[in-house]
Amino acid sequence: MAPASKRRKTTQTPPRFLCYGCDVERVASQFPDCNPTADCQHLINTCTACLKKWVEAQVEAGSFKTDGQDSQVFGIACPHPGCEGTMKAGDVEDAATRKVFGRFEEIARRHIAEHTPGWRWCLAPGCKAGQVHDSSDAVAVTTTAVENEAAPEQIPKSKKSSKSKKKALDETTKAVKEVDTKPDIIDIFQCHACGARACVPCDRPYHDGESCGQYQHRIKDRLDEEDQTLQTIQKSTRKCPACGVNIQKNGGCPYMICHKCKTSFCWTCMQDIDTAGRCDCAARRYP
């Protein structure tokens, strides 16, 4: 028997596992410690590198999982075929780079906010904050504007009797007409982030010292111009199905890519285009 010093040392080869994403056998340390989502029932079969690429690709393409019944459901599908799990914010943060997660978080925040009843964005320039606003404390106040046709102090002096003067005063008082007695709804939104206030009924920065009627009358011409501009935008643009930004089509085929979130969608049916190039339009496939 050979001496112990000359015996061949045998090293045990670590087990390797096949990654579903890249189809390469890798050691256990190259896989994440857990499945992409808490709802996954399958084995851990996507390596860390492939999972990172998967998340980045979904964010760049704007391919997200949502639930029409629950606005809080927003995430990325698990890469395992047939798995119904959804990677939520914490899962995406663990799998993605900081830059990709920041982009995902921004889109998720806007999606959840815009599908939450009572949500309002701050109107202050440069402030991107928003919050749920409760209008139950709004107060209706009647604001009366008067049109004075003949003020009492303008009654000409005369040598008439006090009875005649009283009659003239009564007639002059009746000439003061009340106009525009519309109830003014005082509903003020105040941003928790920057403190800026906004008038909810007018959907404008708060007009301190003016009623809604007075403010709207003062800026009526500008509002009419803004309404016309908004109508023009609504006629010539459509909102991206992923992030909601307005997009204008100036020709070409219905295949569109959002310049903001990079979502691919069909201009005809306004649905996402899947990886196979298909949308909800019958017999239509994009390259």
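For the structure, check the block above.
Here the residue numbers are simple positions, counted from 1 along each chain's written sequence. Per-residue local features of the predicted model are confined to residues with pLDDT of at least 70, and side-chain atom pairs are confined, for both listing and counting, to 80 or more; whole-chain, interface and lining totals are unaffected and use all residues. For side-chain calculations, the full set of non-hydrogen atoms in the structure is used, while hydrogens and water are omitted.

**Comments concerning the packing of aromatic side chains**
Alright, step 1. Between the rings of Phe, Tyr and Trp (Trp by its six-membered ring), a pair exists once the centres lie within 6.5 Å; its type follows the angle of the planes, with under 30 degrees stacked, over 60 edge-to-face, and the other angles tilted. One pass over the structure, following the stated rule, counts six aromatic pairs.
Alright, step 2. Plain terms: the ring middles of F17 and F31 are 6.4 Å apart, the flat faces sit at 90 degrees to each other, and that makes the pair edge-to-face. On the criterion of sequence distance, the pair formed by F17 in strand β1 (residues 16-18) and F31 in the loop between β2 (25-27) and α1 (48-61) is long-range, its members being 14 residues apart.
Alright, step 3. By relative accessible area, F17 is classed as partly exposed at 41%. Where helices and strands are cited, they refer to DSSP runs of H or I of at least four residues and of E of at least two residues respectively, numbered from the N terminus. Accessibility here uses a 1.4 Å probe with only protein chains present; expressed as a share of the type maximum, an area under 20% marks a residue as buried, one over 50% as exposed, and anything in between as partly exposed.

**Here's the deal with the layout of surface pockets**
Alright, step 1. Buried and open spaces are told apart on a 1 Å grid over the protein atoms alone, a cavity being a set of points where a 1.4 Å probe fits but cannot get out and a pocket being an open set with protein on both sides within 12 Å along at least five of seven lines. Residues with an atom within 4 Å of a point are the lining residues. Grid points are joined across faces, edges and corners, and a volume is the space filled by probe spheres set on the points. Volume-wise, the second largest pocket comes out at about 290 Å³.
Alright, step 2. Lining the second largest pocket are 19 residues, and of these F74, H111, P241, A242 and C243 sit closest to its centre.
Alright, step 3. Sort the elements by how many residues they give to the lining of the second largest pocket and helix α3 (residues 98-114) lands first, with six residues.
Alright, step 4. Per the annotation, domain bounds derive from an automatic or database assignment of domains. Lining the lining of the second largest pocket are residues from two domains, each supplying at least three of them: domain 1 (14-116) and domain 3 (239-286).

**Details of the packing of α1 against α3**
Between two packed helices, the angle of one axis relative to the other and the distance separating the axes together describe the packing.
Alright, step 1. A fitted line through C-alpha atoms represents every axis, and for helices the fit uses only the stretch in contact; the resulting angles, taken between N-to-C directions, go from 0 to 180 degrees. For the pair α1 and α3, the least separation of the axes is 10 Å and the interaxial angle reads 40 degrees. The angle between α1 and α3 places the two elements in the oblique class. Handedness of the α1/α3 crossing: left-handed. Touching V55, E56 and V59 of α1 are V100, R103 and F104, all from α3.
Alright, step 2. Only Asp, Glu, Lys and Arg are considered charged in this grouping, and only Ala, Val, Leu, Ile, Met, Phe, Trp, Tyr, Cys and Pro are considered nonpolar; every other residue, Gly among them, is considered polar. Among the residues forming the contact of α1 with α3, the class breakdown is four nonpolar, no polar and two charged. Any angle between 65 and 115 degrees counts as roughly perpendicular, while under 35 counts as roughly parallel, over 145 as roughly antiparallel, and the rest as oblique. Crossing chirality is assigned from the near helix's rotation relative to the far helix, an anticlockwise turn below a right angle marking it left-handed and a clockwise turn marking it right-handed. By the convention used here, residues are in contact when the closest approach between their heavy atoms is within 4.5 Å.

Structural measurements only, silent on function.
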